[in-house]
Amino acid sequence: MKTSFTLFDRTLHWALALTILFMLLTVFLRLNWMEKNHVAAILMDKLAAIDIEITKDQAIKIAKQIRKPMFDWHVIIGYLVSGIFILRMLFHIKNKKSFNPTTTREKFQLWVYRIFYVLLAATLITGLIIEFGPKSLKKSIEAIHKLTLYYMIAFLFLHFSGILLSEFTSKKGIVSKMIGGEK
Ligand code: HEM
Ligand code: HEM
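Residues numbered from 1 in each chain as written. Chains lettered and ligands numbered in written order. Predicted model: local features only at pLDDT ≥ 70, side-chain atom pairs only at ≥ 80, totals over all residues. Heavy atoms only, no water.

Structural notes on helix H4 (residues 104-132)
The line we're drawing: A run of H or I in DSSP becomes a helix once it reaches four residues, and a run of E becomes a strand once it reaches two; helices and strands are each numbered from the N terminus. Expected span of a helix: the number of residues minus one, times 1.5 Å. A simple rule labels every residue: compare its accessible area, found with a 1.4 Å probe on the protein chains alone, to the largest value its type can have, and call it buried under 20%, exposed over 50%, or partly exposed in between.
Along its 29 residues, H4 runs 42 Å from first to last C-alpha, staying within 8% of the 42 Å computed at 1.5 Å per residue. For H4, the set of buried residues is Glu106, Gln109, Leu110, Val112, Phe116, Leu120, Ala121, Thr123, Leu124, Thr126, Gly127 and Ile130.

Here you go:
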């Protein structure tokens, strides 16, 4: 397996890592602090305190408007992730020979990355269909797109455990190799 990473490899890795973490931040905000029912409840509560009554539907409409500028960035950075993904695939195909796993652990690692990229492709394609596809498909595609969260968290857990394990065992310094390259 490759143990040195070219500048191009590293740039793509960190571009992908940072943009995906940003995507997860927008999802986190959407599902927690800026969740529409949660924000709607605050609006209704605080307005009632100054004798203004609004219905739940009205409150949810405003809550969605408050959330919108934040979640617009999910879509904008989503295009960027799609671009990085395409570059990664093109470059990966060009450099196929450099991936040469020998041990069981390296083979497992390679398959985790392969499966991750297949699932990421599904996430990006479904995201783009929500934006540009026919309205009739929107609901069902959204349901598939939302499943992203499950594999993403599983991957990150495996990835971070794997990196920690490497640092403490066979490949000390692997994180600094992914940052600064081979010394
Ligand atoms: C923030 C801390 C992170 C560190 C320190 C880190 C470090 C590394 C290292 C050392 C490797 C090479 C491991 C090997 O020899 O196989 C690697 C590969 C990889 N990482 Fe990360 N990573 C981080 C975050 C992420 C995130 C957030 C993602 C995406 C969700 C990600 C996706 C990948 C992928 C797909 C590979 C396979 C090689 C490639 O396609 O560039 N990493 N990472
Ligand atoms: C790494 C890439 C991506 C990740 C991790 C991701 C993750 C997610 C998740 C977990 C949700 C569900 C939030 C919820 O349950 O309410 C979501 C919703 C959404 N995503 Fe993505 N997504 C990605 C890429 C994209 C792309 C490329 C686009 C389009 C350009 C996109 C457009 C959307 C839209 C419009 C929604 C809202 C769907 C709705 O109204 O229910 N996503 N995304």
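Some words on the site of ligand 1
Counted only if it meets this: One heavy atom within 4 Å of a molecule or strand is enough for the residue carrying it to be called near that molecule or strand. The definition of a polar contact used here is a pair of N or O atoms within 3.5 Å, where within protein one atom must be able to donate a hydrogen and the other to accept one, and adjacent residues in sequence count solely through side-chain atom pairs.
Close contacts around ligand 1 come from 19 residues, with His13, Gln109, Tyr113, Tyr117 and His159 the closest. His13 places a side-chain nitrogen or oxygen 2.8 Å from a nitrogen atom of ligand 1. Those elements that provide at least two residues to the shell around ligand 1 are helix H1 (7-31), H4, helix H6 (148-168) and helix H7 (174-180).

With respect to the nonpolar core
Selection criterion: Among the buried residues, those of types Ala, Val, Leu, Ile, Met, Phe, Trp, Tyr and Cys that are joined through side-chain atoms within 4.5 Å form a nonpolar core. When checking whether two residues touch, look at their non-hydrogen atoms; a contact exists if any pair is within 4.5 Å.
By size, the foremost hydrophobic cluster in this structure holds 18 residues, and its most contacted members are Leu16, Ile20, Val81, Phe116, Leu120 and Met152. The set of elements that each furnish at least two residues to this core consists of H1, helix H3 (56-94), H4 and H6. Ignoring sequence-local partners within four residues, the contact set of Leu120 consists of Leu16, Ile20, Phe85, Tyr151 and Met152. If you look at the next biggest cluster of nonpolar residues, it comprises 6 residues, including Val39, Ala40, Ala59 and Ile60.

A look at the side chain of Thr148
Within the fold, Thr148 resides in helix H6. Given a relative accessible area of 14%, Thr148 falls into the buried group. For Thr148, the side chain forms a polar contact with the main-chain oxygen of His145, separated by 2.6 Å.

A few points about the site of ligand 2
Neighbouring residues of ligand 2: 22 residues in total, closest Arg30, His74, Gly127, Glu142 and His145. In this structure, Arg30 approaches ligand 2 through a side-chain N or O atom, which is 2.9 Å from an oxygen atom. At 2.8 Å from a nitrogen atom of ligand 2 is found a side-chain nitrogen or oxygen belonging to His145. When contributions to the shell around ligand 2 are tallied by element, the ones reaching two or more residues are H1, H3, H4 and helix H5 (138-146). Considering each element in turn, the shell around ligand 2 owes the most residues, 7 residues, to H4.

Comments concerning the coordination of the iron atom of ligand 2
In ideal tetrahedral geometry, four donors around a metal make angles of 109.5 degrees, whereas ideal octahedral geometry with six donors gives angles of 90 or 180 degrees. To keep it simple, the criterion reads: With water excluded from the atoms, a metal site may look incomplete; its donors are any N, O or S atoms within 2.8 Å, or within 3.2 Å for Na, K and Ca. In short, tetrahedral needs four donors with all angles between 85 and 135 degrees, square planar needs four and octahedral six donors with opposite donors over 155 degrees apart and all other angles between 65 and 115, and whatever is left is irregular.
At this site the iron atom of ligand 2 is bound by His74 (NE2) and His145 (NE2), with donor distances of 2.0 Å. Around the iron atom of ligand 2 sit 6 donor atoms; with metal-centred angles ranging over 89 to 180 degrees, the donor geometry is octahedral. In this pair, His74 is assigned in helix H3 and His145 in helix H5, connecting sequence segments 71 residues apart. For the residue pair His74 and His145, the accessibility class agrees, reading buried in each case.

Here's the deal with unusual backbone geometry
With a phi close to 60 degrees, Asp51 is a non-glycine residue in the positive phi region. Within the secondary structure, Asp51 is located in the loop between helix H2 (36-49) and H3.

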